[in-house]
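Survey of secondary and tertiary structure
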Amino acid sequence: MDKHVIIIGSGLGGLTCAYILSRNGYRVTVLEQNAQFGGCLQNFTRRGAKFETGMHYIGSMGEGEVLHTLFRYLSLLPDVRVSPLDRSAYDIISIAGERFPFANGNEQFVETLARRFPAERRHLEEYVRAIDEIATGSPLHSLREQGDMTFLALSLTRQSVSEFIDSTITDGRLRQVLAGNLPLYAGVRGRSPLYIHAVVNHFYNAGAYRVIGGSDAISRSLVASIRRHGGEARTCSRVVRIACDSAGATGVTLATGETLPCDYIVSNAHPARTLEWLDTPLIRRSYRERVAGLRNSISNFTLYIQFKEGEEPYLNSNLYHYDVPDVWGAGDYDPGAWPGSFLYMHLCTSAGQQHADTAIVMAYMRFEEVSRWRGTRVGQRGDEYEAFKRERSERLLDALERQMPGTRARIARHYASTPLTYLDYTGTEEGSMYGILRDCTEPSQGVVSQRTRVPNLFQVGQNINSHGILGVIVGAIITSGEFLGVNEVIRQIKKNE
Ligand SMILES: Cc1cc2nc3c(=O)[nH]c(=O)nc-3n(C[C@H](O)[C@H](O)[C@H](O)COP(=O)(O)OP(=O)(O)OC[C@H]3O[C@@H](n4cnc5c(N)ncnc54)[C@H](O)[C@@H]3O)c2cc1C
């Protein structure tokens, strides 16, 4: 066959698509602008401590579960080792001085929360039943072949998580607890669709895991496989133009001036970036306006902590903490009262680990807080920016210390990233965590097709289908399906089980 496919960007979506196509006889070339592959899978090391930047925990990795099956197909299993989070409390939701654990497995999940909210047991059972039904109702997320591509009843795509929780649960505190891990999809009251909450919670409730040694093991392994399949993967290769003739795309130009011809292009970048590289009448003005008008999910400020050796007991749970009265209001914080909420996680460096070497604390941050430094480069943004980062780091450390007393004294050093860092390292609009915001009140706002008006130009990544490890891999199956047929890809995955 030997058709040449250029994949722009080596995020999870780009690499997964490159893996599938190269395994099926296409000649692929992955072009990554950064010095490291992976996009959100990138890790960095400072003074011997390694940090993950955008993939901290994954789910459904038990034998036969969905991510395990996908990892097997993607030849990731020997290279990517995982460590289970505490099954009795993989997530802990901390609200107004109380902590509520999420336990793995539907029965344990209900049992644990019903102990705290006995009058809500029946409602909790209804809640988990509905989550299961909705999540397994999506054929692709359950790796079933497609009859048609409609994966959910329209009513479900139109229902918001908050509406569903409020109508299923009576107790106000329990409503907040069940929505407490909403940073996993940057939830917005009345707007975030129920099916995203369902798919995400179903995925982690089956089993939640950290990647031992860092999630860059995923991108390293995929790149090695792509090369084994005869593909090419290049870093420091920033695409600045997609060349087109009247029939379609003909190739790309890199920032260095190098041009590369090809038969097909798959862009893993944010759709707004992809359009910047295209100057062709095949793309209509109305499409450009629609993409320019799409709203993106919120960004975040992350503190990367290195602990003094052997001093910090390993926390095998993720802590979602809220000082604000309503978890849904966390993104609408007043900068003077920031952070208002945060997510705290230890990173896993070895199986059975006793002490943590590193941790991250993430807090929502809107891009407007750093927009005045837009256009500056990493490491050269100036003293004011550094002072801003220091001040916010101190505030976040104070908030952490109030919840985990004594932690501060065990910290050796810390570093910080802002929405600008994400913008520079992934090219996603306004450093948005999960790309385009899905909004059940305006379903078309969050829908970006894998196809474009340029017949041989496709898109992949978190803006297609949905974000996160499962959402992006499923999106890559949809995009690869344009070449191979979605059902053929599903058959290959099932055959590999
Ligand atoms: C802070 C944070 C925490 C997260 N935590 C989790 C988690 O715990 N679990 C989970 O499942 N998901 C998590 N996610 C979500 C998940 O990481 C993302 O949904 C997913 O990795 C996005 O993959 P992607 O393929 O869309 O591409 P990205 O990771 O956005 O990669 C796009 C790639 O395209 C490249 N690119 C852009 N422009 C160009 C160009 N001009 N030329 C060449 N290359 C270009 C970029 O450099 C980048 O490498 C998190 C995300 C963030 C931001």
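Every value quoted in this text rests on a predicted model; they were computed, and no experiment measured them.

**Structural notes on the nonpolar core**
With 136 residues, the main nonpolar core has Ile265 and Val361 as its most contacted residues. A per-element tally of this core places helix α14 (residues 468-484) first, with nine residues. For Ile265, the residues in contact, after removing those within four places along its chain, are Ile6, Ile8, Ile242, Ala249, Val252, Asn456 and Leu457. Leu420, Tyr422, Leu423 and Tyr425 belong to the second largest nonpolar core, which has five residues in total.

**Observations concerning the site of the ligand**
Contacts to the ligand come from 38 residues, most closely from Gly9, Gly11, Gly13, Gly39 and Gly461. Of all the secondary-structure elements, those providing two or more residues to the shell around the ligand are α1 (12-23), α13 (419-426) and α14.

**Some thoughts on the sheet that holds strand β12 (residues 249-254)**
One open sheet holds the three strands; their spatial order is β11-β12-β13, and the pairing between them is antiparallel. Strand pairing shows two members of the sheet lacking a second neighbour, β11 (239-244) and β13 (259-261), which therefore form its edges. Between one strand axis and the next, the sheet turns by 25° as a mean value, whatever way the strands run.

**Description of the domain arrangement of the protein**
Assigned domains within the protein: domain 1 (4-44 + 53-79 + 213-294 + 448-495), domain 2 (107-206) and domain 3 (295-441). Centre-to-centre, using C-alpha coordinates, domain 1 lies 29 Å away from domain 2. The interface of domain 1 with domain 2 comprises 16 residues on the first partner and 11 residues on the second. Only α2 (66-73), α14 and α15 (486-495) provide two or more residues apiece to the side of domain 1 that touches domain 2. Top contributing element to the side of domain 1 that touches domain 2 by residue count: α15, with five residues. Its residues assigned to classes, the side of domain 1 that touches domain 2 shows seven nonpolar, seven polar and two charged.

**A word on helix α12 (residues 383-403)**
Residues three or four positions apart in an α-helix share a direction because the helix packs 3.6 residues into each turn. With 21 residues, α12 ought to run about 30 Å at 1.5 Å a step, and its terminal C-alpha atoms sit 31 Å apart, in line with that. Buried within α12 we find Arg392, Leu396, Ala399 and Leu400. Relative to the axis of α12, the buried residues are bounded by an arc of 100° and lie together on one face. Exposed and facing more than 90 degrees away from the buried side of α12 are Asp383, Glu386, Ala387, Arg390, Glu391, Glu394, Asp398 and Arg402. The secondary structure elements touched by the buried residues of α12 are β15 (299-307), β18 (341-346), β20 (358-365) and β21 (411-417).

Calculation notes
- Each residue is numbered by its place in its chain's sequence as written, counting from 1.
- Local features in a predicted model are, by the rule used here, given only for residues with pLDDT of at least 70; side-chain atom pairs are given and counted only at 80 or more, and totals for whole chains, interfaces and linings are based on all residues.
- For this entry, the nonpolar core is defined as buried Ala, Val, Leu, Ile, Met, Phe, Trp, Tyr and Cys residues connected by C-beta atoms within 7 Å.
- Neighbour density around each residue's C-beta defines its exposure: 20 or more other C-beta atoms within 10 Å make it buried, 12 or fewer make it exposed, and counts between make it partly exposed, where C-beta atoms are placed from the backbone.
- Segments assigned H or I by DSSP are reported as helices when at least four residues long, segments assigned E as strands when at least two residues long, and all are numbered from the N terminus.
- Residue pairs qualify as contacts under a 7 Å threshold applied to their C-beta atoms, which are placed from the backbone.
- A residue counts as near a molecule or strand when its C-beta atom, positioned from the backbone, falls within 6 Å of it.
- Strands were regarded as paired on the criterion that DSSP finds at least two bridges between them.
- Lines fitted to C-alpha atoms define the axes here, with helix axes fitted over just the stretch in contact, and angles between the N-to-C directions of these axes take values from 0 to 180 degrees.
- For the domains described, the bounds stem from an automatic or database domain assignment.
- Side-chain classes are defined by residue name, with Ala, Val, Leu, Ile, Met, Phe, Trp, Tyr, Cys and Pro counting as nonpolar, Asp, Glu, Lys and Arg as charged, and the others, Gly among them, as polar.
- Here, expected helix span is obtained from the residue count minus one, scaled by 1.5 Å.
- Throughout, the arc means the angular range of directions from the helix axis out to the C-beta atoms.

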